[in-house]
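Listed below, chain by chain, are the residues.
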Amino acid sequence: MALRLFGRKNETTPDVAGTESSTIIDIGTPRRAPAAAETEGSLTSRLRRLGIVFAILAATSAGLLVHQGRRAVDATLQVSASSELQTLSQQIAKSAQLALRGNQAAIAELDVARNRFKALLQALEEGGAVGGTRLPAVPAAIRPQLQQLGEAWRQTERNSEELVQKAEGLVALGTAASSLERRAAELALLGEQIAGYALRSGASASEIAAAHSLVPLVQRITAGVRAMQAADAIDTEVAMRFGLDTDDLRAYNALLLRMPADGELRRQIAAFDEGLQPLLKTVVELLGDVQPLTAAKQAGSQIFEDSVPLLARSAEVTEALTINSRGFSLMHGLAAVSALLAVLVLVKMVRAYGADLAARRLETEQQRQRAEDERNLTQQAILRLMNE
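Computed from a prediction, not measured in an experiment: that's the story for all the values here.

**Student:** Hey, could you go over the side chain of Thr156 for me, with residue numbers and the actual values?
**Tutor:** You can see Thr156 is positioned in helix 3 (residues 143-165). Judged by its relative accessible area of 1%, Thr156 is buried. Each residue touching Thr156, except ones within four places of it in the same chain, is listed here: Ile92, Ile303, Asp306 and Leu310.

Here's what the structure looks like:
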């Protein structure tokens, strides 16, 4: 900026500068300030791009973490389901043993346990809801262990189904055993009394032998029924002897009914026959169900034997699922990388903004300094003018 003073030329005053006007002082042309608007627009555009990148990385990291969280929940549900399979395998074995004794409550528990095991295994294989909880299918890495568990379960499933279907005969066997034990005591007492009366009444040798055979046969039949109930398998030879004893008891009873007797002996024989008929009916029904009972006993025994490998296969699935859910997975790595990149972008944004603030402060300081210099120069020019 130049400060110039103009005035008329005085004829008597010499022209000091040799021109019509005199320049007192020239303080120079002011320097041009940087284009702040252009710099601000460039920074805004850069920050916008970095912000978009940061938002994408943050959203990606959050999405991966949410997905990993869901996978962790699914893994927990799968481990819980496989652990329940281990418990159910032992519960099925225990219920099968009690069901062989004709325990009706155990039969109901066996039915519930096998259906639950089947539902959980199917959910782990194919995915699906079980009891209001949705289970995803297991990962491909666990398929071999799950397939082995399925093969072990198929045999147990068939046996448990057969045992439940034939449970009615087992319950009837248990009821018959309890009923026969109560009747056996009464029949044994009557048989002893009949044998005594027959001996005193002068009965024939065959009639006395028949009377003395009543008590051992009743006791042997009762013991045989109880043994059938308690055994894990029914021996066909034992069943045949059981039938022969029944036929002998029926024959001896018929012989005593034909025996000429009067008074107390006749009353005792009639009472014995009355108590014997329900026993014979029960025994005949049991002998008619020997084959289904034998099949049910075999199924129950096989369930107990297969419970050990079934438990082992269930434990293998649980262990594999537990190992698979641990450690650093690919999703963990991607989420960590995405989060790290997002932090780096954010740091870059902060640094760019900080650099811009520093540049603005520097520019402001420079402008202030230039203004101060111009003000000083202006004052010096005025002082010189006044001095001249």
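**Student:** An account of the environment of Ser206 is needed here, citing residue identities and associated values.
**Tutor:** Its location among the elements puts Ser206 in helix 5 (residues 205-230). Residue classification places Ser206 among the partly exposed residues on the basis of a relative accessible area of 45%. Put simply, Ser206 and Tyr252 are 46 residues apart on the chain and 9.3 Å apart in space, counted from C-alpha to C-alpha.

**Student:** I'd like a description of a positive patch on the surface, backed by residues and values.
**Tutor:** Taken together, the side chains of Arg46, Arg48, Arg49 and Lys348 present a region of like positive charge at the surface. When residues of the positive patch are assigned to their parent elements, the largest contribution, three residues, is made by helix 1 (residues 36-99). Looking at the secondary structure, you find Arg49 in helix 1.

**Student:** Give me the lowdown on the nonpolar core, citing residues and values where you can.
**Tutor:** Ranked by internal contacts, the top residues of the largest apolar core, which has 68 residues, are Phe117, Leu163, Leu249, Phe272 and Leu279. Breaking this core down by element, the ones donating at least two residues are helix 1, helix 2 (104-126), helix 3, helix 4 (167-200), helix 5, helix 6 (236-258), helix 7 (264-288) and helix 8 (290-325). With 13 residues, the top contributor of residues to this core is helix 4. In this structure, Leu50, Leu57, Ala342 and Met349 belong to the second largest nonpolar core, which totals five residues.

**Student:** Requested: an account of helix 2, with residues and values cited.
**Tutor:** In an α-helix, one full turn covers 3.6 residues, which means residues spaced three or four apart are oriented alike. If you check helix 2, its first and last C-alpha atoms are 33 Å apart, about what 23 residues at 1.5 Å a residue would give, namely 33 Å. For helix 2, every residue scored as buried is listed here: Ala106, Ile107, Leu110, Ala113, Arg114, Phe117, Leu120, Leu121, Ala123 and Leu124. Of the residues flanking the start of helix 2, the one acting as N-cap is Asn103, its side-chain oxygen 3.0 Å from the backbone nitrogen of Ala105. Just beyond helix 2, the residue with positive phi is Gly127, at close to 85°.

**Student:** Residue-level account of the side chain of Gln268, with values.
**Tutor:** Tracing the chain through its elements places Gln268 in helix 7. Setting aside residues no more than four positions away along its own chain, Gln268 makes contact with Leu190, Gln193, Ile194 and Tyr197.

**Student:** Lay out a nonpolar patch on the surface in plain terms, naming residues and giving numbers.
**Tutor:** On the surface, a cluster of nonpolar side chains totalling about 360 Å² of accessible area is made up of Val337, Leu340, Leu341 and Leu344. Positionally, Leu344 belongs in helix 9 (residues 330-387).

**Student:** Give me the lowdown on the confidence of the model for the protein, citing residues and values where you can.
**Tutor:** Chain-level pLDDT for the protein is 77 on average; 84% of the residues reach the 70-or-more range. Taken element by element, the protein is modelled with least confidence in strand 1 (residues 2-5), mean pLDDT 40, and with most confidence in helix 2, mean pLDDT 91.

**Student:** Describe the environment of Gly275, listing the residues and the values that go with them.
**Tutor:** Checked against the element boundaries, Gly275 lands in helix 7. Setting aside anything within four residues of it in sequence, one finds Gly275 in contact with Arg183 and Leu187.

**Student:** So what's going on with the pattern of salt bridges? Residues and values would help.
**Tutor:** Throughout the structure, instances matching the rule amount to nine salt bridges. Across the salt bridge formed by Lys118 and Glu157, the nearest N and O atoms sit 3.7 Å from each other. Of the two residues, Lys118 sits in helix 2 while Glu157 sits in helix 3, which places them 39 residues apart along the sequence. With a shortest N-O distance of 3.2 Å, Asp247 and Arg250 are connected by a salt bridge. Taken together, the positions of Asp247 and Arg250, both in helix 6 and three residues apart, correspond to about one turn of that helix. By relative accessible area, which is 33% here, Arg250 ends up partly exposed.

Calculation criteria
- Residues numbered from 1 in each chain as written.
- Predicted model: local features only at pLDDT ≥ 70, side-chain atom pairs only at ≥ 80, totals over all residues.
- Heavy atoms only, no water.
- Helix = DSSP H or I, 4+ residues; strand = E, 2+ residues; numbered from the N terminus.
- Buried < 20%, exposed > 50% of the residue type's maximum accessible area, 1.4 Å probe, protein only.
- Contact = heavy atoms within 4.5 Å.
- Patch = residues over 30% accessible without salt bridge, like charges linked within 9 Å, V, L, I, M, F, W, Y side chains within 5 Å.
- Areas by Shrake-Rupley, 256 points an atom, 1.4 Å probe, with all protein chains shown as cover.
- Salt bridge = Lys/Arg side-chain N within 4 Å of Asp/Glu carboxyl O.
- Lys, Arg positive; Asp, Glu negative; His and termini not counted.
- Charge placed at Lys NZ, Arg CZ, Asp CG, Glu CD.
- Core = buried A, V, L, I, M, F, W, Y, C linked by side-chain atoms within 4.5 Å.
- Expected span 1.5 Å × (residues − 1).
- Polar contact = N/O pair within 3.5 Å; in protein donor to acceptor, adjacent residues only side chain to side chain.
- pLDDT = per-residue confidence, 0-100.

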